[in-house]
Amino acid sequence: MRRNPRARLYSDSSILHMQNMRSVRGSLPLAFPQENSVLFQDLGYYAAMYEFAQGSFPKTLWESGTMTTCQPNEFKLFIVNTPIASAFSDFSTNVSTFISSFKGMHFFAIYFQIFDIDARGFTRPLMFVIAHTNSDLISKVYMGEKERILKMIKNMQSPTIKSFPEDLKKYYASIMLAVKKLEPGDITLSQKVNELKRILEIFKISEVNEELAEGKASIILCFH
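Computed from a predicted structure; not experimentally measured. (Residues numbered from 1 in each chain as written. Predicted model: local features only at pLDDT ≥ 70, side-chain atom pairs only at ≥ 80, totals over all residues. Heavy atoms only, no water.)

1. Comments concerning the sheet that holds strand β5 (residues 96-102)
And then number 1: With antiparallel pairing, the 5 strands of this open sheet are ordered in space as β4-β3-β7-β6-β5. The open sheet has two edge strands, β4 (59-65) and β5, and neither has a second partner. The sheet shows a mean angle of 20 degrees between the axes of neighbouring strands, direction not considered.
And then number 2: Bridging between strand β3 (residues 46-51) and β4 involves 6 bridges; their strand directions are antiparallel. Of the residues in β4, the one forming a bridge with A48 is E63. (Pairing = 2+ DSSP bridges. Helix = DSSP H or I, 4+ residues; strand = E, 2+ residues; numbered from the N terminus. Axes fitted to C-alpha atoms, helices over the stretch in contact; angles between N-to-C directions.)

2. Overview of the pattern of salt bridges
And then number 1: Counting across every chain of the model gives 7 salt bridges.
And then number 2: Across the pair R148 and E145 runs a salt bridge, and its minimum N-O distance is 2.7 Å. Note that R148 and E145 are positioned in helix α2 (residues 135-181) at a spacing of 3 residues, about one turn of the helix.
And then number 3: On the accessibility criterion, R148 (30% relative accessible area) is partly exposed.
And then number 4: Among the ionic pairs, R198 bridges to E195, the shortest N-O distance being 2.7 Å. Separated by 3 residues within a single helix, R198 and E195 lie in helix α3 (residues 187-202), roughly one turn from each other.
And then number 5: A relative accessible area of 31% places R198 in the partly exposed class.
And then number 6: Classification of E195 by relative accessible area gives partly exposed; the value is 35%. (Salt bridge = Lys/Arg side-chain N within 4 Å of Asp/Glu carboxyl O. Buried < 20%, exposed > 50% of the residue type's maximum accessible area, 1.4 Å probe, protein only.)

3. Considering the layout of surface pockets
Over the atoms, a rolling probe the size of a water molecule traces out where space has been left empty.
And then number 1: Its volume calculated, the largest pocket comes out at about 330 Å³.
And then number 2: No other element matches α3, which puts 5 residues into the lining of the largest pocket.
And then number 3: Of the residues belonging to the lining of the largest pocket, the class tally is 12 nonpolar, 6 polar and 4 charged. (1 Å grid on protein atoms, 1.4 Å probe; cavity = no way out; pocket = protein on both sides within 12 Å on 5 of 7 lines; lining within 4 Å. Points joined across faces, edges and corners; volume = space filled by probe spheres on them. Nonpolar A, V, L, I, M, F, W, Y, C, P; charged D, E, K, R; others polar.)

4. Examining unusual backbone geometry
And then number 1: Within the chain, F91 stands out as a residue other than glycine whose phi angle is a positive 50 degrees.
And then number 2: Residue position: F91 is located in the loop between α1 (72-80) and β5.
And then number 3: By relative accessible area, F91 is classed as buried at 11%.
And then number 4: Despite not being glycine, K204 has its phi angle at roughly 55 degrees, a positive value.

5. As for the packing of aromatic side chains
And then number 1: This model, assessed by the stated rule, comprises 16 aromatic pairs.
And then number 2: For the ring pair F78 and F107, a centre distance of 6.1 Å and an interplane angle of 80 degrees mean the geometry is edge-to-face. Placement of F78 in helix α1 and of F107 in strand β6 (residues 105-115) is noted, with a sequence separation of 29 residues between them.
And then number 3: By relative accessible area, which is 28% here, F78 ends up partly exposed.
And then number 4: Given the relative accessible area of 0%, F107 is considered buried.
And then number 5: Among the aromatic side chains, those forming a connected cluster through ring pairs are Y46, F75, F78, F98, F102 and F107. (Phe/Tyr/Trp six-rings, centres within 6.5 Å; stacked < 30°, edge-to-face > 60°.)

See the structure below:
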């Protein structure tokens, strides 16, 4: 008689495999290395990556498996609305983990953010979640695979951390160029400049070359 795979306890070789994960949109919108993607075999698991950006409805970036005890959207809303402040503080690269259950689905969720100059607030809050109806299996996956999953997440954050300071300089130079072309005292632009100065201080950037925006003679914009 064929053994029911859902009754098996966790083992590294039978449940979590570092292969491609099926994207709900056909391609991943993030720089997600193929060798670090996660695919669950037919063992009753559900895994997903959510994004809940400022001023927008939460999105499912990709998922694998099926939700068996509740609707995927209500599960997603529960995950993204759980307050995990430490992961989403000012340009933090910290990772926070939440272990709980929702309508019969036991899960652990990992909250983190990546930097993106085109995103509102310059960050993209993300949640990676693995769920199953069996709490013992989730505990074993968490204990056995936590470090590998955290490494995967750090690999996602790394290129954005590296490129963001230069992107920020270019953005600031463009804003300052706009300030020059508009009437002095524009309240909206002044507020944006002040907020950008605060962010530049966080990244310890004390000067920006205006040619980043104009491509002309070098003018250094200094501030404190």
